[in-house]
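Observations on the three-dimensional arrangement
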Amino acid sequence: MSGQFSGILKGGLPQTDKFLYMESYGCQMNFSDSEIVASVMADLGYGVTDELARADVVMINTCSIRENAEQKVRARLQHFRSMKRHKPSMIIGVLGCMAERLKSKLLEQEQLVDLVVGPDAYKDLPGLLEQVQGGQQAVNVLLSREETYAEIAPVRLGSNGVTAFVTIMRGCDNMCSFCVVPFTRGRERSRDPHSIYKECQELWSQGYKEVTLLGQNVDSYRWQVPKASAGKDAGLTYWFADLLAYIASISPDLRVRFSTSHPKDITDEVLHTMARHNNLCKNIHLPVQSGSSKVLARMNRTYDRPWYLQRVEAIRRILPDCAITTDIIVGFCGETEEDHRETLSLMEMVRFDSAYMFAYSERPGTLAARKYPDDVSEEIKKRRLAEVMALQDQHSSERNQEEEGQAHQVLIEGKSRRSDQDWCGRNSRNKMVVFPGHANASKDELIAGIKMLPGTYVDVVVHCSTKATLLGQVSKFEEVHI
Ligand code: SAH
Ligand code: SF4
Ligand code: F3S
């Protein structure tokens with residue numbers, strides 16, 4: 001999913017006296033990378049702490065996707081700097097997309113930063129840290145054509161023990177004109193399917209019940225097994241549909257999700273594979289960006305409005321119960337009122353289950369920044385964003401109402417945030433479902449209810465909903481299988 005998040009990684013009780021404090025911003029791939037970094041740091045003897053004051057090393061894994069993502073990071077760096085004044089031995093590192101975009105400029109601009117490491121250089125952390133400990137600043141922002149960190153077992157931090165992210169590819173070869181990702185993440189490369197399988201299999205054996213396969217454009221996943229390899233798949237090519245079927249085969253009770261799909265690349269083969277496997281969850285994140293073919297052309301998305309609608313039609317035909325979510329940018333260069341209305345009308349036609357919506361933010365160095373003036377005023381961007389958001393709220397509410405009265409298989413993730421009397425988890429369509437635990441349960445139900453723990457599947461009948469959540473009651477207490 002391409003929504004942006006921020007969060008602090010929390011670890012277990014570390015068996016060490018050296019501590020790493022980490023904050024992550026941006027997309028799920030960045031969070032997934034932080035788990036790789038934690039693993040490299042664990043090998044160096046660092047445990048993870050969520051107390052900044054205890055940290056020997058502070059790392060901030062950054063995002064450059066929009067100007068305000070970078071502003072947030074700068075504000076945090078200021079805070080870290082003031083901490084460092086009291087504790088000069090504290091090492092401050094900037095990782096991720098902002099490190100890649102700004103490179104050594106970060107060392108000049110952000111005084112007291114010791115370390116700048118791009119997304120493909122995390123294996124170099126031991127050497128870089130040594131350099132810093134020797135009194136120098138250290139930078140490695142080399143991008144790689146091969147690095148996938150395939151052999152590094154991520155340290156699962158801040159985990160609920162039920163759901164996990166697994167990166168299946170890195171970088172992006174598309175050149176959407178608004179987007180900084182190809183510059184910060186480099187060329188697209190896929191990860192060996194066997195190492196993906198192994199990681200998912202290990203998660204399954206540790207009790208995890210759901211994996212989300214991550215990539216900027218999962219539909220262009222491609223791995224050619226060398227002809228000389230010893231396996232029975234020697235010489236074969238794994239496409240994304242093959243990878244999905246392979247991972248789904250680990251267990252029918254392991255849910256598999258993925259993100260992000262690209263409208264130009266999503267194939268019927270992927271949709272048919274999803275239809276064949278119950279455990280391939282029925283939710284597709286298919287960012288449209290705009291409903292206007294003219295704007296899409298300027299965005300260099302390489303599809304137009306009819307193509308997008310025809311892909312939605314294919315999803316509805318092959319997977320009638322599949323949720324569709326999206327990303328929308330308003331106020332892109334040259335977007336007219338008519339273009340904007342086309343976005344609203346496309347939204348009316350598709351009625352997305354949910355959406356991430358953004359005002360266009362010009363990113364230095366991108367094709368759009370070089371070629372098109374950022375000519376939609378902030379005021380108009382704001383108004384268009386409000387209109388898109390209001391319409392989406394209406395659609396999210398309506399889509400959730402359609403879920404009422406039905407029984408849903410829900411994978412329990414934990415207690416609800418609002419009340420520890422309630423559990424929460426998601427249905428296959430990725431909708432959050434909240435339901436009471438033991439309230440009003442009979443004795444027999446209570447006994448059976450002991451099974452209602454994070455990581456179990458339960459049937460929940462939804463009786464009401466909001467735009468963000470479904471509310472229900474458990475209809476089957478016994479563990480059910482998907
Ligand atoms: N690979 C994904 C998107 C990753 S970025 C895809 O192709 O869909 C996540 C989302 O951020 C994008 O879908 C887009 O909606 C938004 N975004 C990217 N660059 C942006 C920019 N310069 N201004 C505003 N939103 C942007
Ligand atoms: Fe950016 Fe486009 Fe690549 Fe997505 S597909 S990461 S929007 S360049
Ligand atoms: Fe992700 Fe932000 Fe980088 S969205 S790829 S962390 S620019």
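Residues numbered from 1 in each chain as written. Chains lettered and ligands numbered in written order. Predicted model: local features only at pLDDT ≥ 70, side-chain atom pairs only at ≥ 80, totals over all residues. Heavy atoms only, no water.

**Some remarks on the state of the cysteines**
Under the definition given, this model contains 0 disulfides. Unpaired in this structure, C200 has its nearest cysteine sulfur neighbour in C281, at a distance of 13 Å. C464 forms no disulfide, and the closest cysteine sulfur to it belongs to C424, at a distance of 15 Å. (Disulfide = S-S within 2.5 Å.)

**Re the environment of M22**
Along the chain, M22 falls in strand 2 (residues 18-26). On the basis of relative accessible area, M22 is assigned to the buried category, the value being 0%. Note: C-alpha distance between M22 and I60 (38 residues apart in sequence) is 5.7 Å. (Helix = DSSP H or I, 4+ residues; strand = E, 2+ residues; numbered from the N terminus. Buried < 20%, exposed > 50% of the residue type's maximum accessible area, 1.4 Å probe, protein only.)

**Re the nonpolar core**
Counting 68 residues, the largest nonpolar core has L213, I284 and Y308 as the members making the most contacts within it. Residues in contact with Y308, not counting those within four places in the same chain, are P263, L286, P287, V288, Y303, I324, T326, L346, V350 and F352. Of all hydrophobic cores here, the second largest spans 25 residues; its members include L20, L95, A121 and L129. (Core = buried A, V, L, I, M, F, W, Y, C linked by side-chain atoms within 4.5 Å. Contact = heavy atoms within 4.5 Å.)

**Considerations on the sheet that holds strand 15 (residues 283-285)**
Taking strand neighbours across the sheet as the criterion, the 3 strands line up as 15-16-17 in an open arrangement whose pairing is parallel. In the strand order of this sheet, the two ends are held by strand 15 and strand 17 (354-359), each with one partner. Each adjacent strand pair in this sheet contributes to an overall mean axis angle of 10°, direction not counted. Strand contacts of helix 14 (residues 378-402): strand 16 (323-330) and strand 17, with the helix running at about 175° to strand 17, the strand carrying the most contacts. (Pairing = 2+ DSSP bridges. Axes fitted to C-alpha atoms, helices over the stretch in contact; angles between N-to-C directions.)

**Some thoughts on the domain arrangement of the protein**
Segmenting the protein into domains produces domain 1 (2-140), domain 2 (156-401) and domain 3 (407-477). For domain 1 versus domain 2, the separation of C-alpha centres amounts to 27 Å. For the interface between domain 1 and domain 2, the tally reads 7 salt bridges. Measuring nitrogen to oxygen at the nearest pair gives 3.4 Å for the salt bridge that ties E67 to R363. Applying the counting criterion to the domain 1 and domain 2 interface returns 12 residue pairs in polar contact (both at pLDDT 80 or more). At the level of secondary structure, the elements contributing two or more residues to the side of domain 1 that touches domain 2 comprise helix 1 (28-43), helix 2 (67-86) and helix 3 (96-102). At 7 residues, the largest contribution of residues to the side of domain 1 that touches domain 2 is made by helix 1. Considering only residue class, the side of domain 1 that touches domain 2 consists of 9 nonpolar, 8 polar and 9 charged. (Domains from an automatic or database assignment. Salt bridge = Lys/Arg side-chain N within 4 Å of Asp/Glu carboxyl O. Polar contact = N/O pair within 3.5 Å; in protein donor to acceptor, adjacent residues only side chain to side chain. Nonpolar A, V, L, I, M, F, W, Y, C, P; charged D, E, K, R; others polar.)

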